[in-house]
Amino acid sequence: MSASGAPVPSPPLDLNRATTWIVTDGKAGDENQCIGLAEALGLRFETRHIAPRPPFGWMAPWGPVDPRDRPGRSGGVLSGPFPDILIASGRRSVPYLRAVRKASNGRTFTAFLKDPRTGHDTANFVWVPDYDDLRGPNVFTTLTAPHQVSARRLAAARVHPDPRLDGLAWPRIAVLIGGDSRHLSYRPADMRRLVRDLTKLAEGGCSLMLTVSRRTPQNLREALRKLVAAKGGFFWDGSGENPYIAMLALAESIVVTSDSANMVGEAVSTGAPVLLFDLPKTYIRHRRLFAGLAMAGALKPFIGRLEELHYQPLDATPAIAEAMARAYAAHRALWS
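These lines cover the structure that appears in this document, whether it is placed above or below. Every value quoted in this text rests on a predicted model; they were computed, and no experiment measured them.

Conventions used here
Residues numbered from 1 in each chain as written. Predicted model: local features only at pLDDT ≥ 70, side-chain atom pairs only at ≥ 80, totals over all residues. Heavy atoms only, no water. Helix = DSSP H or I, 4+ residues; strand = E, 2+ residues; numbered from the N terminus. Expected span 1.5 Å × (residues − 1). Contact = heavy atoms within 4.5 Å. Phe/Tyr/Trp six-rings, centres within 6.5 Å; stacked < 30°, edge-to-face > 60°. Buried < 20%, exposed > 50% of the residue type's maximum accessible area, 1.4 Å probe, protein only. Lys NZ or Arg CZ within 6 Å of the ring centre and 35° of its normal. Pairing = 2+ DSSP bridges. Axes fitted to C-alpha atoms, helices over the stretch in contact; angles between N-to-C directions. Salt bridge = Lys/Arg side-chain N within 4 Å of Asp/Glu carboxyl O.

Quick word on helix α11 (residues 317-335)
Right, on to step 1. Given a rise of 1.5 Å per residue, 19 residues ought to cover 27 Å, and the 27 Å separating the end C-alpha atoms of α11 matches this to within 8%.
Right, on to step 2. Where α11 is buried, its residues touch α1 (28-40), β3 (85-89), β4 (109-113), β5 (125-129) and β6 (139-142).

As for the packing of aromatic side chains
Right, on to step 1. Per the stated rule, a full pass over the model turns up two aromatic pairs.
Right, on to step 2. Measuring from ring centre to ring centre gives 5.5 Å for Phe109 and Tyr328, while their planes differ by 75°; the resulting arrangement is edge-to-face. Separated by 219 residues along the polypeptide, Phe109 in strand β4 and Tyr328 in helix α11 bring together distant segments of the chain.
Right, on to step 3. With a relative accessible area of 2%, Tyr328 lands in the buried category.
Right, on to step 4. Over the ring of Trp21 we find Arg48; its NZ or CZ atom is 3.9 Å from the centre of that ring.

Concerning the sheet that holds strand β10 (residues 253-257)
Right, on to step 1. In space, the six strands of this open sheet follow the order β9-β8-β7-β10-β11-β12, with parallel pairing throughout. Since the sheet does not close on itself, it has two edges, and those belong to β9 (234-236) and β12 (299-301), each with one partner. Sheet twist, expressed as the average angle between the axes of neighbouring strands with direction ignored, equals 20°.
Right, on to step 2. Two elements, strand β11 (residues 274-277) and β12, share three bridges in a ladder whose sense is parallel. Opposite Leu276, over in β12, you have Pro301 as the bridge partner.
Right, on to step 3. Strands in contact with helix α6 (residues 188-203) are β7 (172-176), β8 (207-211), β10 and β11; relative to β8, the strand with the most contacts, it is inclined by about 145°.

Re the sheet that holds β3
Right, on to step 1. What the six strands build is an open sheet, ordered β2-β1-β3-β4-β5-β6; its pairing is parallel. A single partner strand is all that each edge strand has here, and the edge strands are β2 (44-49) and β6. Geometrically, the sheet is characterised by an average inter-axis angle of 20° between neighbouring strands, direction not taken into account.
Right, on to step 2. The sheet contact formed by strand β1 (residues 19-24) and β2 spans six bridges and is parallel. The residue of β2 that forms the bridge with Ile22 is Thr47.
Right, on to step 3. Of the strands in this sheet, β1, β2, β3, β4 and β5 are in contact with α1, which crosses β1 at around 165°.

Description of the pattern of salt bridges
Right, on to step 1. Using the criterion set out here, one finds 22 salt bridges in the structure.
Right, on to step 2. With a shortest N-O distance of 3.3 Å, Asp25 and Arg92 are connected by a salt bridge. Within this pair, whereas Asp25 is found in the loop between β1 and α1, its partner Arg92 is found in the loop between β3 and α3 (94-103), the two being separated by 67 residues in sequence.
Right, on to step 3. With relative accessibility at 17%, the residue Asp25 sits in the buried group.

Quick look at the pairing of β10
Right, on to step 1. Counting buried positions along β10 yields five of five residues, so the element is predominantly enclosed.
Right, on to step 2. Neither face of β10 is open: one carries Ser253, Val255 and Thr257, the other Ile254 and Val256, and all of them are buried.
Right, on to step 3. Sheet analysis places β7 next to β10, joined by four bridges and oriented parallel. Bridging across to β10, Ala174 finds its partner in Ile254.

Here it is as structure tokens:
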């Protein structure tokens, strides 16, 4: 299965009454994708955070669940009546999804986001990005991932702009900074280049609206804070309401670092030009995503200047939700 450019019809089922669990180990990237999909489907959900002890976490995705978390065990993370729908993401959640699917005798509809590494038939419905290799009759692929930056939220943020950002001079540039990961680390040369190129924008009259990650190196965080203090703009220090969607909604252009495919996918949902600050050792599969977005006219490299790009907002979340709703309808028909 794959997404097309056609308008996405409404899901064929009223899913409001379906009980739903979101199962992850709490990693923000995984959980945000699951929540974005659940919200697009109109599901009422509860989150179940897993924390398997060694060696059970080490054995995921192939091993069993931690025995203290066996389905139905009082006080365990999978306690209580089994849900109608379970949405999971992340390697360590795979045994938990399989355990609920088995314990419910297949009645619980299971959806997994990204490659579970245990085959397409691990869940009833699997979403993977186009750049992943997994395929199967129940696998749905799109260029970008599901997320919570919906057209509705962006529109609301434009109608009622965040007062911390509304007074900034145009052009307003959202700057989304990631950080070190198991795939790459920010080198001193990378950080100097990023600060230099952002300084060019600020000295050229742009208002920087800047947010950093928990993974952002402290010395880079401090350099960026000083840049905004010296040149003007907005730097979110973690206090007050998170301005992330407001920044995306009000941005004339968006600069984003290449360590986060999720942030890039959220940025292109706005329709604003997206400028990618490339980092060496960027995950090769993410480079395939960036190439696809460049071909779609949404993205160019960031080299210290603004670029003119024209494209329709790219948000695959509604299409993924539609595909999952149809898979759920087919599943329910087997049990009716």
